[in-house]
Structure formats: structure tokens, C-alpha cells
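If you want the building blocks of each chain, they are given just below.
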Amino acid sequence: MIAHFHQPLTRRELLRQSALGFGSLAFTSLLADTAAAAGKTPHFPARAKRVIFMFMKGGPSAIDTFDPKPALDRDHGKPYPGQKPRVQFAATGTLLRSPWKFKQYGQSGCPVSELFPHVAKCVDDICFVHSMHGTNPAHGGAVLKLHTGSDNFVRPSMGAWVAYGLGTENANLPAFITICPTLAHGGVNNWGSAFLPADCAGLPIGNASVPAAEAKVRYLSNAKLPRDLQRRQLDLLAELNRDHLTATGPDLALEGRLHSFELAYRMQTAIPAVEDLSRETPATKQLYGLDDPVTANFGRQLLLARRFAERGVRFVQATFSDQLVQWDQHSNLKKGTRRTPARSTAPSPDY
Amino acid sequence: MTHLSLVTPLLAALLAPTADPSAGEVRFFETKIRPLLAAHCFSCHGPDKQKGNLRLDSAEAFRRGGASGEPLVSPGQPDRSLFLRAVRHESDDLKMPPKGRLKDADVADLTRWVKAGAAFPRVVKAAGDAERHWAFARPADAPVPAVQDATWAVNALDRFLLAAMETKGVRPAADADRRTLLRRVAYDLTGLPPTPDEVAAFEADRRPDAYERLVDRLLASPAYGERWGRHWLDVARYADSNGLDENVAHGNAWRYRDWVIAAVNRDMRFDDFLVAQIAGDLLPADERRTDRLIATGFLALGPKVLAEVDERKMELDIVDEQIDIVGRAFLGLTLGCARCHDHKFDPVPMEDYYGLAGVFLSTRTMESFKKVARWHENPIGTPEQLRQKADHDARVTTMKARIGKLPAKGDDRKRLTAELAALEKAAVEIPTAMGVVDGKPTDAPLLRRGNHLTPGKSVPRRFLAVLPGGAAPRLPADHSGRLELARWLADPAHPLTARVLVNRLWRWHFGRGLVRSVDNFGLLGEKPTHPELLDHLAHRLVESGWSLKSLHRRIVLSHAYRLSSAASEEAVRLDPDNRLYARMPLRRLEAEAIRDGLLAATDGLDRTMGGSLLHVKNRDYFFDHTSKDNTRYDSPRRAVYLPVVRNNLYDVFGLFDATDATVSSGDRATTTVATQALFAMNSDLIVSSADRLAGTLLGRVDLDDRGRAGLLYLKAYGRPPAGGEADRVTGAVAAFDAALTATEPDATQRRRRAWAWVCHAVLSANEFITIR
């Protein structure tokens, strides 16, 4: 929102009020600096304009999914040969080979276990990062660290940084939306803005305790007030606010608040319009697994994410997490791990 | 992007190297070079070890070089310098660091630094630098300045402000009108709007001391403690849940909250208030014992990574949080920085940090570090409860002994076992409170780079060496030293404690502090706009016996506090940022005041004080893995009593910039985002408040609609409608009523709804949430 400056501003205020403009310049400059400092340009020019982050809560083991370890097959049942970590989350036993078979797929020849036959078909479109390292093995710390980079300080979330750096492309929608986020394990901090401006925080649609089909942005509608009357009410409100502004003299925050009601009013129609899937074709819905109760919930989130992204939302997060932590195999490895990919890998049921 | 042209040149100035090359070099050194040296070199060539007789951690040492005698850096021949040859791994006999070559980018940075002259800025820690920093010197009690317009000044505070205004040629604004002043001071001191009766009474009170009487009445109201206790709770990062990874309930934190509110209400001396929170458990056990144990909850309330697998790390993280909270809350210093390295900006060496760490390592905060860890709680039973518990325990023991003697099978045993079960069920519960007690006194080892796996020499417990009495405090051998730490902080001569507190009060009265960075009085903090005034008030605070109420009186009875927020063009031009306080700033209400104001103005507030509104048992999870939040916020009690759930704040708190309750904060932002507007348009809180107000207005059968409009304005804005405002209200009611005719046949219902919608608009408007 661009406010009109009626009175001289201090440098600090200017930076604060124009946070998005400042952010985008700083971000561009930051990227250039990083590249220059490394003495080279990136291999590929940065093209990404939007991010859809599929957060599938928990930790399926790399060795059961995309990172086969043949030595484990060989040494199955033997004690761990190296030095165990100084501290461990739980008692550890002997070596265990993956119960699932791997095959290589696509032109890249990426190995995928039999848990993911459908993901296997598109490995050439996937970038695998096999070098991830974590410092906190417990859910809470790990989830926080993944989203914010810190498990012991409150820091801006990934989406907030992107929103801060790139702003929104759609004046009626926020830059960062998170669909059905989990409230556990860091909760709001995982989509919070911390010290960045408040409008960089993610707008949550529902939370992980409600099905995607019932997820709503809070306070987006008023059942008791018909829309045409709400318009009249906002006109009355605008009159009150303009009179008040005359009495107080120019004030950026008060003007900003006057405009914020108009943006909120537009959001009331803009968001439901994106959420309305009725005009998607049956073929699309099938592609997203909406026709199968096993995949429908996460599939709906992903279709919503695509629709928000298409309308200029910079960062959309979809979260796979409902009544249980989905990938949480302390024991019963086979049963637990088999159950999970099915519901998380829309469009196609991998079970 | 109309503002881009404004922004760009300014940014260019900020982002480009500054005209002063040494400032740019300092920044380059501090952001790139010192961290590299610290990470890769200091462990062998620093304070602890000097391999090859070489140190790399100061300009002098760098110049001196090592055992070989060859200079590290050859001026004029940077590429041939010994230092760069070593880091480039050019020859096999000199490779530094020995474990592996630095990244290319790091080597490039070091090369750039050497080529530019290898400037090695000093860490600011010499005593001379520190003493020159205003906040580390004891406050002077400067004489009250002379002013030209002596009649304008009500008290000494005014003279300090007016003197600065006169120097700059700025005239103070006119006085605020009585109704504006009443609404301002009522919200300020109690967090609640004045009632229509109070507005009428104050307007009618023409005694010369009417305003003083008003202020005294507000300060004596229990609502004052709820308002100003809440301010302290921000500083104390108060929360009813742990947050972070394992969001379990602080089921007894409310006892600390209630203690704060009561302490503020009875104007407890701030030095006592401080000592109780840091060392209440170490004070002599008298009738205040329970309160003092509860007060130590201050040290226990921090967020903790309760599922940290590494128990030693968890312990040290908790100690770190305690050092951080004490530093920020009372000293306005960020001491946590010195955990891994000497503070980069403030004169706080690692020895200070680990000296304090020893104090808190000698303190018992946790019952168990085993994941999920449990914090310690102090039993706070009354003597009567304790006696009952002892009696009960004795009866259980006796009965168990009797059962043990009976044959394994038999009716007697069966009967007695059943009796025992019933007896145990009726156990006497002793209430507990989060808090600390002393543990085994111990000194902390200095942890190199803050890493507990690389402990160094043991550091004797101490406070901050740069401040008087902090370097080598006399600590008893059998105690942690917390009581001595608390008394050191509460010393009337301490240069920071009183100043930080005065500034906090000023911030909450004027919207920002005399030191803008209210939580940072260090070298990176801002300088006070009125240093002599700050010190003057700090002296008066201590003289008054650390009485907050006396300081409030000084501030709100000043002429400056009573000024209008409307400024002349001249004043805005000369002082756009209002650094001179020549007018009152406009302020938006804080989250709690918005919510309480809504309920109060619509006769929906329950003024019952104290107690817990949590539905979750102590140590139970707010959420496990299900994300179902069953916390209820529809209680009509004041907002200060609503649960503060970290990671999932109540919407009103989250939307309207309450603190996130994880770190100490004496400041709050004022943001304007569209989700606030959605809340104002559609939330049940505001819709039901508006409906309740409509009911009240329509219930006044003695009034006509214009009279109702008048009452509406008095309740919402503390003033009667002016000009065409009453007509606007009645016109809007009529228009809504007419628009409903088609859908709502019941005329009474129609009228209620029409009034409710108008009330809704009035309560959502800027005037409701703005203090002029």
C-alpha cells in the first residue's frame, strides 16, 4: 500500500513505511553481492517467481525412499561399526536394511524405492538434495529449524522472507498463504514474520485439524450482514474515518487503516473465488487425486496452492499433517511408512 | 511506485560504501574478517593458545607476528605476505588452517582485506571506551534548567522539555481539551475508557485540582495494576505455555501474573520487586515467603527446548535465556551475545557472561532434563495445608505397614487395601508455583565459541566488570550468588536500572522512550533525546523509594503530557519527528486495550480479578499432533487474564501487535494490515459487542434516537457528537432499517439490527482505537 506523504518523514519512518520497496531492493542487491563475493555468476539465471512449498511433516528415512545403501543390505543385523553420536534421541539397535527394493528411473537414473512408483515416473523433474543436515532430531525443533532456520530463536519464516523480498503481485491477495498449517511444533512461528513487517507473515487458511475442504480464512465473512449492507456500513465507516483524519491532521497509520478496510473488503471476494474449484475440469480434479478419498485432502491443498500461485501469491505452503504425525517411524517401520505415501503423493495413490 | 524516487537515493546512500573509508572497512572487517578469524584461527592463535607464539586477535598482536619474526603482512606486497601464503596453502610447510583450506570466497575476502591495508579495528572493551558511554556512567543530577516561559512549566520535567524547545525555537502545542485529556489518561493508567458518567463528572469538576484528583483516583483503581502489570509482563515475556518445540501448559504461571498485578497495585518498591523476582527464594522466610517464591517465576517462564536430546545443552540454553532476560529487563543490555564471543559492541567480555552463567548454573530451574524435560515448581502450601499433608502421609504409611503384616489372602487385607486406595485418592494437594531455588554452587567453565563440548577455564561467578561492583562481587560460598546479583542490580547507584525503568514508563506514556531503543542501552542503542531529564527522573525515582506511582504522577501531571496532539505547521516543520515533545503523539490502543475497551464501552466487561482461565492442566500439551486448539477466549474478563499461548496467540493479541511472549520486550509495534480490518468487520467479538451496545441504547426508552446517538458517542469516544454527527447516526440507522424491510418483517428486530450495524461502524472506526 502506498501512502501519500503529507508531512516530512524521518529516514527511519521512510524505510519502515516503504518496507516492501526497501525489501525488494535489498533482496536484489543481496543476491548480486552473494554471487559477486563467490567470484562467479550462478549456473542458471534465477527464474523462479513463486514457490509452492509442500511441507510433509515428519521424517521418512532417506534409505527407504530415495537414497539406497547397498552396504546395509550386506551388513544387515550387524552392530553399527562407527562411533555412535554422543547424544541420541532414543536407544539404537543393530543395522537394519531397508525393507523396500530400489530401481533407477528416468534419464537421470535416480533411484527410487518401491514405496513411490508414481513419483518414480517424474524423477527427471525433481531435484534431490542428498546433503541435508539437521541439528535437532525432535519434531518441534526440526520443524522450526526447517521453516525459520532457528530452533531456539524466533526468526522470520521462509515464506515471510520471500514475501519481504518480492512483495505480492496481486493487490487483493497477500504475498504468503499457508494452507492447513500445523499448530504444533512451532505453530505460528512457522509462518510468522518475526522482525519483518507484519504483512510478510503468512495468511493461514484453516489449520491441520480441519479437512482442506472446510478450511477457511478466519473472519473472512460475516454471516449476519448481507454484502450490500456491509458495503454501506464500510461507506459509513469511511466517512467517520475521514472526519477523524480531518480532526487529527495527516497521519500515515490512520490513512493506512482507512485503506486496509477496502483491501479487506476485496479479499472477502478474492479469496473465495480462488477457493472455488467448481470450474476446474474433472480431468484436473482427477489429476490432483480429488476423486479418491485417500488423496483428496492433500490433493485439494495442492490444487488450491496452484490457483493461488497463478494469481500472483508468491509463496504458498501446503501442509500434510492431520491427526498424526504422518512420517514418524520409531517402530513398525513397514506399516507406518507404507501407509503414508499413499495420502501424501497426490495425484496418484502410491499404495 | 510513486515513492521509488524518494527511496532510491536514500538507499543508495545506505547501501554503498560510505564516504568515510574507515567506517566501510570496519564494517567489512566485522562482517567478514573477524568472524573468519574467530572461526578458524583464534582457537590456536587467540586468548587460550598461542601456537608458534602467534596471536591473531588484536591489531597489536597481528602487527607483532609470530615466532618466525617475519611480518604477517608486507605493506606494498600484499600477495607476498606470509599471512596470505599460509591461508592460500601455497607451500606444503605452511598451510593454515591446517585442517583444510578455507573456501575460495573466504580467501578472496582475506586477500581483499590485506590489500586494503589489513585494518584491524579494536573490540570496544577498554575501560575508557565504556566509561565514555553515557549509560555506564552514574546519572548526574543536573540542575533544572532555566526557561524563558516559566509560567508554562508545571513541574521540573516541563522545564527540561521546554528548555530544549526554546533552544530550537519550537512553541508547545495548545492544551488538549478536557475530554481528550480524560480519555488519554484513563486509557493510559487503567487501559479502560472513561464511562459517560466519568466524562460528565470531570467536565463538571471545576476545582483547580480536578485533574490531580482524577489522576489519584485512576492510580488507586485496581485497573491500574492490570494495565501496568501487563506492561511488565511484556518485559517478563510472560506466557501460559512453553512454546517452542513442546508447547505444554505453564499451568501455574498465572500465580506470577497475579503477583505482578498485586505488586504494581500496591506500589511495591521497584527495588524489592526486582529482588523478589531474581532471588525471592533466598530472602528470609517470613509471611511474604509464598509471594517471594511465586515472584521467582520470572526466571522460570522462558521458552525452553524441552525435547532437546543433549541435556547439557538444554541446561546451558536455559541459563542463557535467564542471562538474556535479566540483561534486557533490568539493564537494557543484550548479554546473550557474549555466550560465543566477547560482545561485539558492548564492553561485555565472555568472562562476564560465564560469570553470570555460574550464578544460574548454581540455581535449580529444572526438575529433570530428560526429554520431555520438566521445570521445577516450588510448593507454596499454607502451614495448615502442609500440616494436613504431613498427617495424611503419615496415615498412608501407617496403613501400608499394617497391611504388610497381614496374611496375603484374607478379608482384612482386602478391606484395608480398599481403604488405603480411598485414602490415597483423597491426598492433600499442595499448590505449586513455577520458580527457582538454589542448587549446588558452582562456577561455569568458559565455553569456547559457546560450545559446551569445548570447555575452557573455569570463571569465578561475577557480574559485569565494566559496571561498579560487578567485577569481583563478594559471594557466599554456600549460595548461588543470585541474591547478591539482585542487590547489585537494585543498588540505587546502579547506572542502568533506574534509567531503564524510567525510560520504560516514559515509553508507555508517550509512545516511545527518551531512549528510543527501550531494550538496548548499549553502544548500539540510541542516545537519549533528553539525557538530563532521564537522569533527573532516575534520581527522583530512587528518592521516592522506587515508587512507580510517584513517577506516573510526575509524568501525567506535567504540562507536556496535557498538550494537544494537533501541531502547528511551524512545529511540524521544525520538529517533524516530535523529538521535543512539543505535542502529544497520536497513538493506537494496544491489543488488550482494544479488546477491553470494546467490552467496557458496551457494558460487557467482567472486572473480576485474578485466577486461571486455562483449560489445559499443568504440563499438558496445548497441541499434540492434532492442531486442535481448545483454548477459549470468550471470557468477559480483562485481557490480562486471558491465556497467553506461545506459538498460537489469541487472534486479538496476534493481530494487534501484542508481544509474541518469547523474548523480553518493552516496546510494541503498531502495524496496519488487512487482517486487522477483517477482524474488525467480521469477528464475533466486535459483532456481539455492537449488538450488546445496540440493546443498551434501545433499552433507554427515556431517549430519542438523537439522544441514543449522543450516548453512543459518549460510550465509544468519550465525547458527545458534534456538528452533523448525530444526524449521520440517526440517518444511517434509518437507512439500514429501510434496507431490511424486505427481509425482516419484525420491526423491533429490524431496529435492533440497524442500530447494531451503526454501533459496529462506530466501534471499528479510527477514533475508537486512537488516543489523541
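Here the structure is a predicted model, which is why all the values come from computation and not from measurement.

A. Molecular detail of the overall build of chain B. If you tally the helices and strands in chain B, you get 32 helices and 10 strands. Seen through its principal axes, chain B has C-alpha atoms that stretch 100 × 100 × 55 Å. Across chain B, the fraction of contacts at a sequence separation of at least 24, relative to all contacts at a separation of at least 6, is 68%. If you sum the accessible surface of chain B, you get close to 31,800 Å²; carbon and sulfur atoms cover 54% of it.

B. Inspection of the side chain of Ser113(A) at higher detail. Residues and elements named next belong to chain A. With respect to the secondary-structure elements, serine 113 resides in strand S3 (residues 110-113). A relative accessible area of 0% places serine 113 in the buried class. A polar contact of 2.8 Å, which involves the side chain of serine 113, links it to the backbone oxygen of aspartate 64. If we ignore the near neighbours within four places in the chain, the residues touching serine 113 are Asp64, Thr65, Trp100, Lys101 and Phe102.

C. Focus on unusual backbone geometry. Looking along the chain, the bond that leaves Met96(B) and enters Pro97(B) is cis, with omega of -10°. Turning to its location among the elements, Pro97(B) is positioned in the loop between helix H4 (82-87) and helix H5 (104-115). For the bond running from Lys371(B) to Val372(B), omega is -10°, close enough to zero to count as cis. In this structure, Cys180(A) is a non-glycine residue whose phi angle is positive, near 50°. Turning to its location among the elements, Cys180(A) is positioned in the loop between strand S4 (176-179) and strand S5 (203-205).

D. Looking closely at empty space enclosed by the protein. For the structure on display, the rule yields 8 cavities of 30 Å³ or more. Of the pockets and cavities examined, the largest cavity occupies roughly 150 Å³. Elements that contribute at least two residues to the lining of the largest cavity include exactly helix H11 (222-235), helix H21 (497-510) and helix H25 (591-601) of chain B. At 5 residues, H11(B) tops the list of elements feeding residues into the lining of the largest cavity. When grouped by side-chain class, the residues that make up the lining of the largest cavity number 4 nonpolar, 2 polar and 10 charged. Volume-wise, the second largest cavity comes out at about 90 Å³. Around the second largest cavity sit Arg257(A), Ile594(B), Leu598(B), Phe656(B), Phe679(B), Ala680(B), Ser683(B), Ile686(B), Leu763(B), Ser764(B), Phe768(B) and Ile769(B), which together line it. For the lining of the second largest cavity, the residue count by class is 9 nonpolar, 2 polar and 1 charged.

E. Structural context of helix H30 (residues 725-740) of chain B. The end-to-end C-alpha distance of H30(B) is 23 Å, a good match for the 22 Å that 16 residues give at a rise of 1.5 Å each. Taken together, the buried positions of H30(B) are occupied by Glu725(B), Ala726(B), Arg728(B), Val729(B), Thr730(B), Ala732(B), Val733(B), Phe736(B), Asp737(B) and Leu740(B). Those residues of H30(B) that are buried lie in contact with helix H8 (227-248) of chain A together with helix H29 (705-717) and helix H31 (747-764) of chain B.

F. Main features of the interface of chain A and chain B. Listed per partner, the contact involves 84 residues of chain A and 70 residues of chain B. Overall, the association of chain A and chain B removes approximately 6,800 Å² of surface from exposure, summing both partners, and the carbon and sulfur fraction of that is 64%. Remark: the boundary between chain A and chain B carries 3 salt bridges. Two residues, Asp243(A) and Arg728(B), come together in a salt bridge whose shortest N-O distance is 2.6 Å. On inspection of chain A and its partner chain B, the count reaches 20 residue pairs in polar contact (both at pLDDT 80 or more). Per-element tally for the side of chain A that touches chain B: the top contributor is H8(A), with 14 residues. Across the side of chain A that touches chain B, the residue classes break down as 41 nonpolar, 28 polar and 15 charged.

G. Geometry of the packing of helix H9 (residues 252-275) of chain A against helix H11 (residues 296-310) of chain A. Residues and elements named next belong to chain A. At a minimum axis distance of 9 Å, the contact between H9 and H11 shows a crossing angle of 130°. One finds that H9 runs oblique with respect to H11. Residue-level contacts link Ile271, Ala273, Val274 and Glu275 of H9 to Leu304, Arg307 and Phe308 of H11.

Rules of the game
- Residues numbered from 1 in each chain as written.
- Chains lettered and ligands numbered in written order.
- Predicted model: local features only at pLDDT ≥ 70, side-chain atom pairs only at ≥ 80, totals over all residues.
- Heavy atoms only, no water.
- Helix = DSSP H or I, 4+ residues; strand = E, 2+ residues; numbered from the N terminus.
- Contact = heavy atoms within 4.5 Å.
- Areas by Shrake-Rupley, 256 points an atom, 1.4 Å probe, with all protein chains shown as cover.
- Buried < 20%, exposed > 50% of the residue type's maximum accessible area, 1.4 Å probe, protein only.
- Polar contact = N/O pair within 3.5 Å; in protein donor to acceptor, adjacent residues only side chain to side chain.
- 1 Å grid on protein atoms, 1.4 Å probe; cavity = no way out; pocket = protein on both sides within 12 Å on 5 of 7 lines; lining within 4 Å.
- Points joined across faces, edges and corners; volume = space filled by probe spheres on them.
- Nonpolar A, V, L, I, M, F, W, Y, C, P; charged D, E, K, R; others polar.
- Expected span 1.5 Å × (residues − 1).
- Buried area = accessible area lost by both parts, 1.4 Å probe.
- Salt bridge = Lys/Arg side-chain N within 4 Å of Asp/Glu carboxyl O.
- Axes fitted to C-alpha atoms, helices over the stretch in contact; angles between N-to-C directions.
- Parallel < 35°, antiparallel > 145°, perpendicular 65-115°, else oblique.

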